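Inside the fold
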Amino acid sequence: MNERQKLVNERWKKTREMGKMKYIGYYGIVAYGTIFLLFSLMMDTFFGDGITSSIIVEKIIIAVIGGVFFGVITWWINERRYQKYINPQ
């Protein structure tokens, strides 16, 4: 295992202390969801038919659902990698 992988696993060790639900809420819904929401609204503004309140509500719902999926998947990937790090076989 190289130094970068060790650093990533040590950082995950600290990050996972926040717990799965908090991680999904922060990194999934807030971080990923906000980036998705802003980017998709920007795309609708420049390349779509504009922004309406129904489009904003639709994008928020998609951002929250997508954020949950993103958070769950990244938690699972990081946790699997970390378990291999602490239990090498």
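Located above this text is the structure these notes cover.
About the cut-offs
Residues numbered from 1 in each chain as written. Predicted model: local features only at pLDDT ≥ 70, side-chain atom pairs only at ≥ 80, totals over all residues. Heavy atoms only, no water. Phe/Tyr/Trp six-rings, centres within 6.5 Å; stacked < 30°, edge-to-face > 60°. Helix = DSSP H or I, 4+ residues; strand = E, 2+ residues; numbered from the N terminus. Buried < 20%, exposed > 50% of the residue type's maximum accessible area, 1.4 Å probe, protein only. Axes fitted to C-alpha atoms, helices over the stretch in contact; angles between N-to-C directions. Parallel < 35°, antiparallel > 145°, perpendicular 65-115°, else oblique. Left-handed = near helix turned anticlockwise from the far one by under 90°. Contact = heavy atoms within 4.5 Å. Nonpolar A, V, L, I, M, F, W, Y, C, P; charged D, E, K, R; others polar.

**Details of the packing of aromatic side chains**
Counting across every chain of the model gives eight aromatic pairs. Consider the rings of Trp12 and Trp75, whose centres lie 4.9 Å apart with planes at 70°: the pair is edge-to-face. One end of the pair, Trp12, is in helix α1 (residues 3-15); the other, Trp75, is in helix α3 (residues 53-86), and 63 residues separate them in sequence. Residue classification places Trp12 among the buried positions, given a relative accessible area of 5%.

**What to know about the packing of α1 against α3**
If you want to describe how two helices pack, look at the angle between their axes and the distance between the axes. Following both chains from N to C, one finds α1 and α3 inclined at 115°, their axes separated by 10 Å at the closest point. By the angle class used here, α1 and α3 are roughly perpendicular. The crossing of α1 and α3 is left-handed. Residues Lys6, Val8, Asn9, Glu10, Trp12 and Lys13 of α1 lie in contact with α3, whose contacting residues are Trp75, Asn78, Glu79, Arg81, Tyr82 and Tyr85. Partitioning the contact of α1 with α3 into residue classes produces five nonpolar, two polar and five charged.

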